[in-house]
Amino acid sequence: MDGITGILLRRLLLVIPVLWAVVTLVFLLLHLVPGDPVLAFLGETATPEQVAEMRHRFGLDRPLLEQYANYWKQVLRGDLGVTFVDRRPVAEKILSRYPATLQLAVAALLVAVLIAIPLGVTAARHHGGIRDAVASVMALLGIALPNFALGPLLILLFSVKLGLLPPSGFGDPAHLILPALTLGAALAAILTRLVRTSVLEELHQDYVKTARAKGLNERTVLYRHVLRNSLIPVVTIVGLQFGVLLGGAIITERIFNWPGIGTLTIEAIAARDYPLVQGCLLVIALTYIVVNTATDLLYRVLDPRIKVE
Amino acid sequence: MGWTGKIGWVLVLGLLLVALWAPRLAPHDIQAQDLAARLQPPSRAHPMGRDEFGRDVLSRLLYGARVSLRVGLLVVAICASVGTIIGALAGYYGGWTDRLISGFLFNTFLAFPGILLALAMIAFLGPSVNHLILALSIIGWVSYARLIRGQVLKVKELDFVQAARAMGASDARILLRHVLPNVVQPLIVQATLGVAGAVLAEASLSFLGLGVQEPMPSWGKMLDSGRAYLTTAPHLVLFPGLAIAVTVLAFNLAGDGLNEWLNPQRPRR
């Protein structure tokens, strides 16, 4: 098949083995638990009858291959099983927390882009100067300072010392600011460096000289011509980093008591509620794959010179 | 090497010495509790104050460097070794070997956010330093394998490799004596930057309670337990945060500096 449709279809086909591997891996994780997951959950005081009943209830007394086949059937139906703790549907629990995580990740992405583009463009424009150095130092700090150190420091400054923003909670837009800043800082740092390099490269292109020769002012040249071309690699990194944001969200949610899927994962791990942990991991991984594939497809549409490897 | 790179290497060396000499440098016993003096701010006897059990923060921070660097260096050593072997096989043999390794294995491992896979493994295996090292190695080798594969693909077409093959050298000899020595430079750069990533990952997982366990001090864990006393004893968050940031910064600067020094023609990242 030729043309863009063929390229897109082939790229989508590449996702299938990855999806298979992810589901299989998440299934196998349960069997990594030393000893027995049910025993680990119930503890040493459980009677053999209780253990047997629960193993039967969760199908863990079936042969491994049968369990694997059943797991696939469930996943394809969108059923992620029931939790160990209160035997409620895993999918229902995850769905109730998912929007909060998505909200946080999107806000962090926005924060990162809003910081990185002006900072990166300024650094490139004043290449080698003091503003470039300041932007570089800020970018390095953003990369070096992990979100679990940055989060508490932001709380200390903006909530404890200045009393401007709430230290934790959920609901108001004000509650979103510190978590989004914490989660978005590292991405802002990476993007700043990328925008700077990308703009610097574009500034040496012939069309920039032409635009300047036409008498366009520097602002128009920079924002209408250069930035538009510099943003193609930035779009890709933003897409790829969205998954990293989902990973980082687990830590950020814990710092700010944000009721998202990350907090749910940590709670499930602490309670040894393995079906819930499996469900959370699967949903986060699937989100990551969907966003990555979408970014890749978008990139190919934006820049048709890229081939499927 | 630029001055930032040099600063990076000086810091790296300093950190290694601190980790090595932690028992001699630590002014107090890291387990000695004094509940009467809990959460004490920095003082002359305790330059970084005391924690929620009255233990000396500076001493625990020095011992924490041991854990961080041990995990960081071990993970990178394992990842670089495994990645080199797998990447070299894929790049050198090509064909189905390469399709299986780079087409399937790489894509599958990169389909997960790394930290999530590590977290998942530790959640099911149970938290411990060894499980942490195992999990971080399993997610970390891919980037090294990709790097080495790309390098080997380039080097194996060069004249001296073709000449060795024409002279009847075995595959093992060609790989070990001719190809690998020529791909070592980018590997060292990536490994230096990789230590920063591994240190950060260790601290993140320990922060979530899934890494280093008591009584061993770890920067990530110190930060987590310090959060509860943010208003009364901010030094409990400040110093471990600073330690992590300086370590990550040091290895990043050192790696970038090394890269610049080895490849003067290549533009800075």
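Residues numbered from 1 in each chain as written. Chains lettered and ligands numbered in written order. Predicted model: local features only at pLDDT ≥ 70, side-chain atom pairs only at ≥ 80, totals over all residues. Heavy atoms only, no water.

Engineer: Got a minute to help me understand the overall build of chain B in this structure?
Structural biologist: Counting its secondary structure elements, chain B contains 11 helices and zero strands. Ordering the α and β elements of chain B from the N terminus gives α-α-α-α-α-α-α-α-α-α-α. When its C-alpha atoms are laid out on the principal axes, chain B stretches across 75 × 45 × 30 Å. For chain B, the residues scored as buried account for 51% of the 269 residues in total. (Helix = DSSP H or I, 4+ residues; strand = E, 2+ residues; numbered from the N terminus. Buried < 20%, exposed > 50% of the residue type's maximum accessible area, 1.4 Å probe, protein only.)

Engineer: What exactly am I supposed to notice about the packing of helix H4 (residues 95-110) of chain B against helix H6 (residues 129-155) of chain B here?
Structural biologist: Angle between the axes and distance between the axes: these two values describe a pair of packed helices. Residue and element names in this part refer to chain B. The geometry of H4 relative to H6 is characterised by a closest axis approach of 10 Å and an angle of 140° between their N-to-C directions. One element, H4, and the other, H6, form an angle in the oblique class. For the crossing formed where H4 meets H6, the hand is left-handed. Counting all contacts with H4, which are made through Asp98, Ser102, Leu105, Phe106, Phe109 and Leu110, the residues of H6 involved are Ile138, Trp141, Val142, Ala145, Arg146 and Arg149. The class makeup of the residues in the contact of H4 with H6 is eight nonpolar, one polar and three charged. (Axes fitted to C-alpha atoms, helices over the stretch in contact; angles between N-to-C directions. Parallel < 35°, antiparallel > 145°, perpendicular 65-115°, else oblique. Left-handed = near helix turned anticlockwise from the far one by under 90°. Contact = heavy atoms within 4.5 Å. Nonpolar A, V, L, I, M, F, W, Y, C, P; charged D, E, K, R; others polar.)

Engineer: What am I meant to see in the interface of chain B and chain A here?
Structural biologist: Interface size is often expressed as the accessible area that is lost when the parts come together. Contacts between chain B and chain A engage 40 residues on the former and 43 residues on the latter. Summing the contributions of chain B and of chain A, the shared interface buries around 3,600 Å²; its carbon and sulfur component is 81%. Summed over the three residues of chain B that lose the most area to chain A, namely Phe112(B), Phe124(B) and Leu208(B), the buried surface amounts to 19% of that side. Inspection of the chain B/chain A interface yields two salt bridges. The residue Arg193(A) makes a salt bridge to Asp256(B) at a minimum N-O spacing of 3.4 Å. Here chain B and chain A share three residue pairs in polar contact (both at pLDDT 80 or more) between them. (Buried area = accessible area lost by both parts, 1.4 Å probe. Salt bridge = Lys/Arg side-chain N within 4 Å of Asp/Glu carboxyl O. Polar contact = N/O pair within 3.5 Å; in protein donor to acceptor, adjacent residues only side chain to side chain.)

Engineer: Explanation requested: the packing of aromatic side chains in the structure shown.
Structural biologist: Here the structure, examined in full by the defined rule, presents 10 aromatic pairs over all chains. Between Phe27(A) and Tyr71(A) the ring centres are 5.7 Å apart and the planes differ by 40°, which places this aromatic pair in the tilted class. Here Phe27(A), found in helix H1 (residues 3-29), pairs with Tyr71(A), found in helix H4 (residues 64-76); they are 44 residues apart in sequence, far enough to count as distant. Relative to Trp258(A), the ring of Phe170(A) lies with its centre 4.8 Å away and its plane at 85°, an arrangement referred to as edge-to-face. Placement of Phe170(A) in the loop between helix H7 (147-161) and helix H8 (173-203) and of Trp258(A) in the loop between helix H10 (218-256) and helix H11 (261-270) is noted, with a sequence separation of 88 residues between them. A relative accessible area of 43% means that Phe170(A) is categorised as partly exposed. The structure contains a cluster of three or more aromatic residues connected by ring pairs, namely Phe41(A), Phe58(A), Phe84(A), Tyr274(A) and Phe124(B). Residue placement shows Arg254(A) over the ring face of Phe207(B); its charged tip is 5.9 Å from the ring centre. A cation over an aromatic ring shows up here: Arg99(B) above the ring of Trp96(B), its NZ or CZ 4.7 Å from the ring centre. (Phe/Tyr/Trp six-rings, centres within 6.5 Å; stacked < 30°, edge-to-face > 60°. Lys NZ or Arg CZ within 6 Å of the ring centre and 35° of its normal.)

Engineer: Explanation requested: the pattern of salt bridges in the structure shown.
Structural biologist: Considering all chains together, one arrives at 19 salt bridges over all chains under this definition. Salt-bridge contacts for Arg254(A) lead to Asp224(B); the nearest nitrogen and oxygen are separated by 3.0 Å. Taken as a pair, Arg254(A) in helix H10 and Asp224(B) in helix H10 (residues 219-226) lie in two separate chains rather than in one. Between Asp34(B) and Arg50(B) there is a salt bridge, and its shortest N-O distance comes to 3.4 Å. Of this pair, Asp34(B) sits in the loop between helix H2 (22-25) and helix H3 (57-93) while Arg50(B) sits in the loop between H2 and H3, and the two are 16 residues apart along the sequence. For Arg50(B), a relative accessible area of 12% gives the class buried. One salt-bridge network, held together by shared partners, links Asp51(B), Arg55(B), Arg60(B), Glu214(B) and Lys221(B).

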